[in-house]
Amino acid sequence: MTPGIRPLVAGNWKMNGDRDSLREIAAIAGGIDTALSEKIDALICPPSTLVYLAAAAVQDTGLSIGGQDCHWAASGAHTGDISASMLADANATHIIVGHSERRTDHGESSAIVRKKAEAVHAEGLIAIVCIGETKGERDAGETLDVLKKQLDASVPDASSAQNTVIAYEPVWAIGTGVTPTAQDVEDAHAFMRRELEDRFGSDGAGMRLLYGGSVKPANAGELMSVNNVDGALVGGASLKADDFLAICEAYR
Ligand SMILES: O=C(CO)COP(=O)(O)O
């Protein structure tokens, strides 16, 4: 938590979900009651095939719908890609950029991630910029160096507390059931906060810093109470309404 910052609990469905899954999204929206939505923002990022339908299903609820990635261009000859303006047109409010699976599977550099985040901002949407070290980098004691390099190169200069969320996702904690200790998370988030304050001043102080990587109902309470952790980016446990809502409940 950071005093004065409204938490964001975000689900990244990755390459999972079909139209049947809209029921799960409706169930999540139904579980974010008024009391909870006064305390947190809640977001699900389904595959792009479902964004428009999901956004229609959650209208006037405490749940928002986002995209998982976008191209940096608004339109053009980029077969298979989707633009931030298309996701905006489908009523997405946020777009994840720079997820480690994009960086690894698609060779995305921080320079590309930055261009994508700029495209998100240009559409008036919120960019969730992901950073995080690999196991090898952590073992070599390079975690904070990696975070600094990725923050510097991935986060656009025009970022503000309103249009940008940073998600710290240690690559080795994603989908493994293994998480860093609360102290390790606190150290990483304190470091990111200092870096962002140095660069963006009060906007850096107000940016939401999410933790992601094997967040589940059993560890959400501990992880979400860590200083400078302003919410979660949840993968596997966001696919089932009961699990995702149990994570949100950490903030009730
Ligand atoms: O990559 C993640 C969210 O973007 C985390 O995934 P898991 O919660 O499945 O570890």
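Definitions and limits used
- The residue count restarts for each chain, going from 1 along the sequence in the order it is written.
- Confidence filtering applies because this is a predicted model: local features only for residues at pLDDT of at least 70, side-chain atom pairs given and counted only at 80 or more, and all residues used for totals across whole chains, interfaces and linings.
- Per residue, pLDDT measures the predictor's confidence, with a range of 0 to 100.
- Strands qualify as paired when DSSP identifies two bridges or more between them.
- Runs of E in the DSSP output that reach at least two residues are strands. Runs of H or I that reach at least four are helices, and both are numbered from the N terminus.
- A fitted line through C-alpha atoms serves as each axis, taken over the contacting stretch for helices, and the angle formed by two N-to-C directions is quoted from 0 to 180°.
- Each helix should span, by expectation, one fewer than its residue count multiplied by 1.5 Å.
- Think of it as a crowd count around each C-beta: if 20 or more other C-beta atoms lie within 10 Å the residue is buried, if 12 or fewer it is exposed, and in between it is partly exposed, with C-beta placed from the backbone throughout.
- In this description, the arc belongs to the directions extending from the helix axis to the C-beta atoms.
- UniProt positions are given in the numbering used here, feature names are shortened, and annotations may be inferred rather than shown by experiment.
- Each residue is represented by a C-beta atom placed from its backbone, and any two residues with such atoms within 7 Å are regarded as in contact.
- By definition, a residue lies near a molecule or strand when the C-beta atom built from its backbone is within 6 Å of it.
- For this scheme, ten residues count as nonpolar: Ala, Val, Leu, Ile, Met, Phe, Trp, Tyr, Cys and Pro. Four count as charged, namely Asp, Glu, Lys and Arg, and the remainder, Gly too, count as polar.

Participant: Teacher, can you tell me more about the confidence of the model for the protein chain here?
Facilitator: If pLDDT is low for a region, its predicted coordinates should not be looked at in detail. Per-residue pLDDT for the protein chain averages 98, and the proportion of residues at 70 or more is 100%. Taken over the whole predicted complex, pTM reads 0.98, whereas the ipTM for its chain interfaces reads 0.99.

Participant: Even after reading the chapter, I still don't get the sheet that holds strand E6 (residues 164–168), so can you show me in this structure?
Facilitator: Strand pairing within a sheet occurs via backbone hydrogen bonds; the two strands may be parallel or antiparallel. Reading around the circumference, E1-E2-E3-E4-E5-E6-E7-E8 is the order of the eight strands in this closed barrel, with parallel pairing throughout. For this sheet, the mean angle separating the axes of adjacent strands, direction not counted, is 25°. Relative to strand E2 (residues 41–45), strand E1 (residues 8–12) is paired through five bridges, and the arrangement is parallel. Along E2, the bridge assignment pairs Asn-12 with Cys-45.

Participant: Just to check I follow, could you spell out helix H9 (residues 182–200) for this structure?
Facilitator: An α-helical segment advances 3.6 residues per turn. Residues three or four places apart therefore align on the same side. Compared with the 27 Å implied by 1.5 Å per residue over 19 residues, the 26 Å span of H9 between its first and last C-alpha is a close match. Taken together, the buried positions of H9 are Val-185, Ala-188, His-189, Met-192 and Leu-196. Projection of H9 onto a plane perpendicular to its axis shows the buried side chains occupying an angular sector of 95°, all on one side. Residues of H9 that are exposed and angled more than 90 degrees away from the buried face: Gln-183 and Asp-198. Of the residues one or two after H9, Gly-201 is the one with positive phi, at around 60°.

Participant: Where do I start with the UniProt feature "active site" (unreviewed entry) in the protein chain in this structure?
Facilitator: Summarizing the sequence annotation, UniProt attributes the feature "active site" (unreviewed entry) to His-99 and Glu-169 in the numbering used throughout. Of the residues just listed, which span 71 residues, no C-alpha pair is farther apart than 8.3 Å, and they cluster in one region. Position of His-99 among the secondary structure elements: in the loop between strand E4 (94–97) and helix H5 (100–105). Looking at the secondary structure, you find Glu-169 in the loop between E6 and H9. Beyond its immediate chain neighbours, meaning those up to four positions away, Glu-169 contacts Ser-100, Cys-130, Gly-132, Ile-174, Gly-212, Gly-213 and Leu-233.

Participant: I tried to follow the site of the ligand on my own but got confused; where do I start?
Facilitator: Looking at the ligand, there are 14 residues lining it, with Asn-12, Ile-174, Ser-214, Gly-235 and Gly-236 nearest. Split into classes, the residues belonging to the shell around the ligand amount to five nonpolar, eight polar and one charged.

Participant: Would you mind going over unusual backbone geometry with me for this structure?
Facilitator: With glycine set apart, most residues show a phi of negative sign, and most peptide bonds adopt trans. Unlike most non-glycine residues, Asp-60 shows phi in positive territory, near 65°. Judged by the 5 C-beta atoms lying within 10 Å of it, Asp-60 falls in the exposed class. In the Ramachandran plot, Ser-214 falls in the positive-phi region, its phi being about 60° despite a non-glycine side chain. Along the chain, the position of Ser-214 falls in the loop between strand E7 (208–212) and helix H11 (217–224). Given 22 C-beta atoms within a 10 Å radius, Ser-214 is considered buried.

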